[in-house]
Amino acid sequence: MAPRGRTFLLPLAAATILVASTIFLFAAAGARWRPADTGLPVPTHAFSTGAAVPVTPNTTTAARKELSFLDENGDPDDPASASASGAARCDPRAAAVRIFMYDMPPEFHFGLLGWSPPSPDSVWPDLSTPPPRYPGGLNQQHSVEYWLTLDLLLSSSSSAAPCGAAVRVADSRDADLVFVPFFASLSYNRHSRPVPPEKVARNKALQEQLVRYLTARPEWKRYGGADHVIVAHHPNSLLHARAPLSPAVFVLSDFGRYHPRVASLEKDVIAPYKHMAKTFVNDSSGFDDRPTLLYFRGAIYRKQGGSIRQELYYMLKDEKDVYFSFGSVQDHGASKASQGMHSSKFCLNIAGDTPSSNRLFDAIVSHCVPVIISDDIELPYEDALDYSKFSIFVRSSDAVKKGYLMSLISGVSKQQWTMMWKRLKEVDKHFEYQYPSQKDDAVQMIWRALSRRVPAIKLKVHRSSRFSRSDRGHK
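Let us look at the structure shown here. Just so it is clear, the structure is predicted and the values come from calculations on it, not from any experiment.

**A few points about the environment of Lys278**
1) Next: Inspection of the secondary structure assignment puts Lys278 in the loop between strand E6 (269–270) and strand E7 (292–298).
2) Next: Taking the C-alpha atoms as reference, Lys278 lies 7.7 Å from Asp362; in sequence the two are 84 residues apart.
3) Next: If we skip the residues at most four places from it in the chain, Lys278 touches Ser338, His342, Val365 and Ser366.

**Quick word on the packing of helix H5 (residues 184–191) against helix H6 (residues 202–215)**
1) Next: With their axes 8 Å apart at the nearest point, H5 and H6 run at an angle of 150 degrees to one another. The orientation of H5 with respect to H6, classified from their angle, is roughly antiparallel. Together, Ala184, Ser187, Tyr188 and His191 of H5 and Arg202, Asn203 and Leu206 of H6 make up the contact between the two elements.
2) Next: Counted by class, the contact of H5 with H6 contains 3 nonpolar, 3 polar and 1 charged residues.

**A look at helix H15 (residues 454–464)**
For the α-helix, the turn length of 3.6 residues means that residues three or four positions removed from each other point alike.
1) Next: Inspection of H15 places Val454, Ile457 and Val461 among the buried residues, and these make up the whole buried set. Considered in projection along H15, the buried side chains sweep an arc of 65 degrees and stay on one side of the axis. Among the exposed residues of H15, those oriented more than 90 degrees off its buried face are Pro455, Leu459, Lys460 and His462.
2) Next: Elements that come into contact with the buried residues of H15 comprise strand E1 (97–101), strand E3 (177–180), helix H7 (218–223), strand E5 (249–252) and helix H14 (442–451).

**Details of the sheet that holds E3**
1) Next: Strand order in this open sheet of 6 strands is E2-E1-E3-E4-E5-E6, and the pairing throughout is parallel. Strands with a single pairing partner mark the edges of an open sheet, and in this sheet they are strand E2 (166–168) and E6.
2) Next: Pairing of E5 with E6, which is carried by 2 bridges, proceeds in the parallel orientation. By the bridge assignment for E6, Val251 is matched with Val269.

**Some remarks on helix H13 (residues 414–427)**
1) Next: If you check H13, its first and last C-alpha atoms are 20 Å apart, about what 14 residues at 1.5 Å a residue would give, namely 20 Å.
2) Next: Considering only its buried residues, H13 is in contact with strand E9 (344–350), helix H10 (359–366), strand E10 (369–373) and strand E11 (392–393).

**Considering the state of the cysteines**
1) Next: Under the criterion given, the structure shown has 1 disulfide.
2) Next: Covalent S-S linkage joins Cys347 and Cys368, the inter-sulfur distance amounting to 2.1 Å. Around the S-S axis, the bridge from Cys347 to Cys368 shows a dihedral of about 105 degrees and counts as right-handed. On the criterion of sequence distance, the pair formed by Cys347 in strand E9 and Cys368 in the loop between H10 and E10 is long-range, its members being 21 residues apart. Each member of the pair, Cys347 as well as Cys368, is classed as buried.

**Things to note about empty space enclosed by the protein**
Think of a ball as big as a water molecule: rolled over the atoms, this probe shows where empty space is left.
1) Next: Using the criterion set out here, one finds 2 cavities of 30 Å³ or more in the structure.
2) Next: What the second largest cavity holds in volume is close to 30 Å³.
3) Next: Among the residues making up the lining of the second largest cavity, the classes are represented as 8 nonpolar, 2 polar and 1 charged.

**Focus on the pairing of E7**
1) Next: Counting buried residues along E7, 7 of its 7 residues qualify, which places the element largely inside the surrounding structure.
2) Next: Bridge count for E7 against E9 is 3 bridges, and the pairing is parallel. Each residue of the ladder has a partner; that of Leu294, found in E9, is Phe346.

**A closer look at the sheet that holds E10**
1) Next: Strands sit in the order E8-E7-E9-E10-E11 across an open sheet of 5 strands; the sheet is parallel. Both outer strands of the open sheet, strand E8 (322–326) and E11, are each paired with one neighbouring strand and no more.
2) Next: The pairing of E9 with E10 spans 5 bridges and is parallel. Bridge pairing in E10 places Phe346 opposite Val369.
3) Next: Its contacts with the sheet put helix H8 (residues 307–316) on E7, E8, E9 and E10, and the angle it makes with E8 is roughly 135 degrees.
4) Next: Across the face of the sheet, H13 comes into contact with E9, E10 and E11 while running at roughly 95 degrees to E10.

**Some thoughts on the pairing of E1**
1) Next: E1 sits mainly inside the fold: 4 of its 5 residues count as buried.
2) Next: Of the strand pairs in this sheet, E1 and E2 are connected by 3 bridges, and their pairing is parallel. If you follow Arg98 over to E2, its bridge partner there is Val167.
3) Next: Across 3 bridges, E1 lies against E3 in parallel orientation. From the neighbouring strand, Ile99 faces E3, where its bridge partner is Leu177.

**What to know about the pattern of salt bridges**
1) Next: Enumeration according to the criterion identifies 14 salt bridges in this entry.
2) Next: Where Arg173 meets Asp171, a salt bridge forms, and the shortest distance between an N and an O atom there is 2.6 Å.
3) Next: Lys267 serves as the salt-bridge partner of Asp268, at 2.6 Å between the closest nitrogen and oxygen.
4) Next: Residue class for Asp268 comes out buried when judged on its relative accessible area of 0%.
5) Next: What you see here is one network of salt bridges that share partners, running through Lys439, Asp440 and Arg448.

**Some words on unusual backbone geometry**
1) Next: Residue Pro196 is joined to Pro197 through a cis peptide bond whose omega torsion reads 10 degrees.
2) Next: Inspection of the secondary structure puts Pro197 in the loop between H5 and H6.
3) Next: Note that the residue after Tyr435, namely Pro436, is joined by a cis bond; omega there is -5 degrees.
4) Next: Residue position: Pro436 is located in the loop between H13 and H14.
5) Next: In the Ramachandran plot, Asp321 falls in the positive-phi region, its phi being about 65 degrees despite a non-glycine side chain.
6) Next: Inspection of the secondary structure assignment puts Asp321 in the loop between H8 and E8.
7) Next: Overall, the relative accessible area of 42% leaves Asp321 in the partly exposed class.
8) Next: The backbone of His367 sits at a positive phi, close to 60 degrees, despite the residue not being glycine.
9) Next: For His367, the position within the fold is in the loop between H10 and E10.

What counts and how
- Residues numbered from 1 in each chain as written.
- Predicted model: local features only at pLDDT ≥ 70, side-chain atom pairs only at ≥ 80, totals over all residues.
- Heavy atoms only, no water.
- Helix = DSSP H or I, 4+ residues; strand = E, 2+ residues; numbered from the N terminus.
- Contact = heavy atoms within 4.5 Å.
- Axes fitted to C-alpha atoms, helices over the stretch in contact; angles between N-to-C directions.
- Parallel < 35°, antiparallel > 145°, perpendicular 65-115°, else oblique.
- Nonpolar A, V, L, I, M, F, W, Y, C, P; charged D, E, K, R; others polar.
- Buried < 20%, exposed > 50% of the residue type's maximum accessible area, 1.4 Å probe, protein only.
- Arc of directions from axis to C-beta.
- Pairing = 2+ DSSP bridges.
- Expected span 1.5 Å × (residues − 1).
- Disulfide = S-S within 2.5 Å.
- 1 Å grid on protein atoms, 1.4 Å probe; cavity = no way out; pocket = protein on both sides within 12 Å on 5 of 7 lines; lining within 4 Å.
- Points joined across faces, edges and corners; volume = space filled by probe spheres on them.
- Salt bridge = Lys/Arg side-chain N within 4 Å of Asp/Glu carboxyl O.

Purely geometric numbers; function is a separate question.
Right, dumping it as structure tokens:
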């Protein structure tokens, strides 16, 4: 070959060798590379290790188990471990919201139900057996925190659990929200008065402890509590801790006893009461099978905004096909209300001491079309559910006009009522509290409502962090 040809081929061969070497080096490095090497957090425990109190022994085993590296899709690199982990728990990515829950001492939650941990290191009941029962009667209507806590515990247990709307995560940095397992309503119902020799009621003492506990936590300090969730469903619960914990997202029954600076629809979430009436299963009692036109049973003489009940009682008590009577839990009120609502076309939901009451949700599960007379009421997950499709809303000023309410109700045709009745049978599942929770039940709907608060929380946090770096540099 001519010298000129050899001169041309030598650089080409060198370039070929260089490219081949480069490919080899990248291939060798790529065989060892995992996304975990990028600095993204890879949790090493299935349960929190930074909590103030250790978890129960049955979850500690899961907590000690190291996770494998992840492949480029975020899945376990080892197929065997992937299969095992998939059988053990729900994939957090499949949930609408990821929740970090504090392992708080039992005195804040199941201890209020009389549950005692089997050992000093235990925090939670063993879910391989039935959980502690919540007390009956009127206590149940505000039991929201109980059902949410159980749902999170089940989502993070070592037993197989279906993917729900929320899943508990081990590291608060991987969470969308931080859940505070304080049974505030039960604390109020059972411990709002001092018992000698107590000088301070246990309910107040627990709230003071709660404020100290939360405000000292790094999770709270990170965003000033803006991503925390606290359930205070009873209107009088959390009375002493509302102001200092107001940055958190509250889960409430209404805003009737809250200052606008403490709670609002923009920040907080409304949850349904747990209904007392029996759900009307396999309901085929249509328009002609319900002889009572309008039904109300409950306390008639109320203070504050509930004075309208008394006015309506005197207006409606003698009307044909109207049942308007006093009733209470003590005289088998829940059972009688179930019977009455199941045989009525329309059920009155009138403002009482607060804008909301359990009666609305009793009507919904009884498929008795609610007639809502409460100007300040806020409704659960109304951003996702159109109540006008199965309820009738009446302004208080119109309801007390002579003849107005009866004319309005009597003017609803059989076809219109039947459409609302059918819709009630479709939506009643959204108001059922269950353990384990089921698709689209009250527990799942509340989690989804909370998930819809996450973008606004992140926006607030990000906006507040704009000048944090420059402020630190200035100092």
